[in-house]
Protein chains: 2
Amino acid sequence: MKIEVVTIGDELLLGYTVDTNAAHLARTLAAEGVEIERRTTCGDTAESIATAVRDALDRTGAVITTGGLGPTSDDLTKPSIAALFGRTMVLDEEHLAWMQERWRARFQRAMPESNRQQAMLPSGARKLVNNHGSAPGIWLEDDRGRWVAMLPGVPREMRGMLSDTLLPLVRERAGTGGRVVRSRTLRTTGIGESHIADLVATIDGGVGDVGLAYLPNADGTDLRLTVRDVAPSDADARLAAAADRLRTVVADAMYGEDGADLADVVLALCRRHAITVGVAESCTGGMLGARLTAVPGSSDIVRGGVIAYDDAVKQSLLGVSPDQIREHGAVSEPVVRAMASGIRAALGVGAALAITGIAGPDGGSADKPVGTVWIALDLGGDVQARRFAMVGDRAEIRHRSAQAALEMLRRRLLDGVRVAR
Amino acid sequence: MKIEVVTIGDELLLGYTVDTNAAHLARTLAAEGVEIERRTTCGDTAESIATAVRDALDRTGAVITTGGLGPTSDDLTKPSIAALFGRTMVLDEEHLAWMQERWRARFQRAMPESNRQQAMLPSGARKLVNNHGSAPGIWLEDDRGRWVAMLPGVPREMRGMLSDTLLPLVRERAGTGGRVVRSRTLRTTGIGESHIADLVATIDGGVGDVGLAYLPNADGTDLRLTVRDVAPSDADARLAAAADRLRTVVADAMYGEDGADLADVVLALCRRHAITVGVAESCTGGMLGARLTAVPGSSDIVRGGVIAYDDAVKQSLLGVSPDQIREHGAVSEPVVRAMASGIRAALGVGAALAITGIAGPDGGSADKPVGTVWIALDLGGDVQARRFAMVGDRAEIRHRSAQAALEMLRRRLLDGVRVAR
């Protein structure tokens, strides 16, 4: 089964919103063996919606749309697509009553009039339950079995409706005969795309007939293996064989698979070694702490840290000496080592990570250009420090710095440690 | 002039990468009066690339593609599109020599063989200079004036090439006769989409004939006004009139326009009042600090902070009393007030923001469900605190918490203050 996705909204087409729904839809459907053949984004006019959906229907007969179901005036999805199916719009009294009740219960006031049009549905439509909002999704199907499913644009609502209601309907119609598309992604960091490609070229027979894509990003380089139109049992075996081949060359640079987050991987390693963690951040200003605490359940490992953006804070809360800063500068090996040891002592943690650097756009010099970042790890009193030359803009330099700090701790823990908690 | 954009890559179609390039292209072109009519995303097969680009060319005669120009094996964009124009692929000796020289200079070693194919170009192609990477962009045009511009997929390279090289070419051909599409976005926070819609409904004549879109997101609700196919002078006047009307109803809930970042707005206000800032973060774990320090030049205002994820850190570095935590819990008004006052004293800042809450997914109770967040502001000793019930998942709750803290400081500074630095 091939599906096309049409994401609707001037905000997407004009670039004011990045289309995260499309990525989520694709991942979820691919895991079901349903392939998205093409994705189209069109604006909020009745004509462009109708044209894009009609083209997609003609190609595949199976279309999922997102967006345009909200209460406000830019919402034309339902009537445009109803017209394609030759349906009129009718008021769904049941849904209107439900919405009015919901408003009274949640907000203790009458529902705004502008929400009323959410209860207008194409005749003969099937409602898709929305457990996270007030706009129902719509399923329209004609007598030839061609269908369009309309989902809301708000990501939380779209995701809930997809898993709760739409996937079972799609599965019924998919009849993929058990054939699936499956991917595995090996995540690497600290090693470049070209370098990996050269290493892969040394594998006798490469990764076989499995597709391999290189996906460089601010976390590192992801290696995605894909098999298409195969039986599930074959898929896993073929992906596993290809992953094994890749691992022989990328080795320790690989920190996880698929959606793996380096912070999550590091926390699991810390848990295994019963090591608590603290951070001292200058140029990253809290990003490393934010990365670590973004992981649910991180509170058994992460104690906290100090954002020492100003040099005075490096002195007062981390015990860095004014002499070190004056002599070597705030972005230097002695200072980053003192920051790491300072936060380890202040919090009483097993592992302390410190970052100080020049994220730009200003503040660089010939000696220490923008992108110069020192990172230190104090693990039970054993301190290591490394200088990095990060590429990219301010946001990328900061992101790469937090990632490199996490990687320093991961590599150190991989080597095997025995330290006091 | 209408342009279609085709973004190429299995990683986009399968949802492993979110398409940020598309948004950047759209914003940049719209500012030039060039409208993107439709955007298509297709996979990394020669056939799907050729089909999508041919369809787009047939509709508009002007297509920009991103992706598929890298050194690795998944790159089929150039040959697929060359075939559409009836061109063969030829080795560009000049570009090959430049690439080899660049590798020697930057990495002190020979260029990997896998990069060689980046120097294969369609015959008759015009190279688009890449100042941020080694793959050139390609411009192909036929004798009927139909063209395709191929840009790399790496965002930094794509953005550089677009502004350095492609925009002038597009401008030459656009001949928009001075007609433009222009937007203004009013950013609001702390007020819901439906509520704003009701307020807008009270404006006599609404916002005139200007398009209005409601864009709810984790920062708040953005209100985008758009005029199409108008002269630049008219565009600005009409947008200004509509913005004035909107402002009469949204009032102080609006913190800025277009790409405005609340952290940036708050820093500017602090600068005006000569107030330094510090943060104390529990559930956000550094996100508020990261937001503030993401702004270039924030170091004159932001001193730093403490990530007090663990209650022991709230006590040792912020001076919260164990009794307060035992009696009221870590997520409570007394504790958040003590955190704010503690960090203000520790750093000697003018304004201190503190956040403590339950981001979930676990840790909620009937009294304090997931999403319960206390935020406090200590401004020169005057402390205010507020309880919030944030919706969304862990990431959204944390993001909304940081945003609400910034908004608390903005509102307080709007009221007018006179405090010691």
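Residues numbered from 1 in each chain as written. Chains lettered and ligands numbered in written order. Predicted model: local features only at pLDDT ≥ 70, side-chain atom pairs only at ≥ 80, totals over all residues. Heavy atoms only, no water.

A. Spotlight on the relation of the copies chain B and chain A. When chain B is fitted onto chain A, the two copies agree to an RMSD of 0.1 Å after a turn of 180° and an axial shift of 0.0 Å. Both copies are brought into coincidence by an operation consistent with a two-fold rotation axis. Looking at chain B, 99% of its interface residues are interface residues in chain A too, so the copies touch through the same face. (Least-squares fit on C-alpha atoms with pLDDT ≥ 70 in both. Contact = heavy atoms within 4.5 Å.)

B. View of the interface of chain B and chain A. Facing the 81 residues of chain B at the interface are 81 residues of chain A. Regarding the contact of chain B and chain A, the summed buried area is about 6,500 Å², with carbon and sulfur atoms giving 55% of it. Sorting the residues of chain B by area buried against chain A places Leu14, Arg38 and Arg39 of chain B first, and these three jointly supply 10% of that buried surface. Note that Glu396 of chain A is salt-bridged to Arg156 of chain B, the shortest N-O span being 3.8 Å. Our count for the chain B to chain A interface comes out at 24 residue pairs in polar contact (both at pLDDT 80 or more). Considered class by class, the residues forming the side of chain B that touches chain A number 34 nonpolar, 25 polar and 22 charged. (Buried area = accessible area lost by both parts, 1.4 Å probe. Salt bridge = Lys/Arg side-chain N within 4 Å of Asp/Glu carboxyl O. Polar contact = N/O pair within 3.5 Å; in protein donor to acceptor, adjacent residues only side chain to side chain. Nonpolar A, V, L, I, M, F, W, Y, C, P; charged D, E, K, R; others polar.)

C. Representation of the pattern of salt bridges in the model. In this structure the tally under the stated criterion is 60 salt bridges over all chains. Lys314 of chain A is the partner of Asp311 of chain A in a salt bridge, and the nearest nitrogen-oxygen pair spans 2.9 Å. In this pair, Asp311 of chain A and Lys314 of chain A both sit in helix α11 (residues 311-316), 3 residues apart, roughly one turn of the helix. Given the relative accessible area of 29%, Asp311 of chain A is considered partly exposed. Between Glu172 of chain B and Arg173 of chain B there is a salt bridge, with the nearest N and O atoms lying 3.1 Å from each other. Residue classification places Glu172 of chain B among the exposed residues on the basis of a relative accessible area of 58%. Of the residues examined, Arg173 of chain B reaches a relative accessible area of 26% and is grouped as partly exposed. Overlapping salt bridges bring together Glu4, Arg38 and Arg59 of chain A together with Asp55 of chain B as one network. (Helix = DSSP H or I, 4+ residues; strand = E, 2+ residues; numbered from the N terminus. Buried < 20%, exposed > 50% of the residue type's maximum accessible area, 1.4 Å probe, protein only.)

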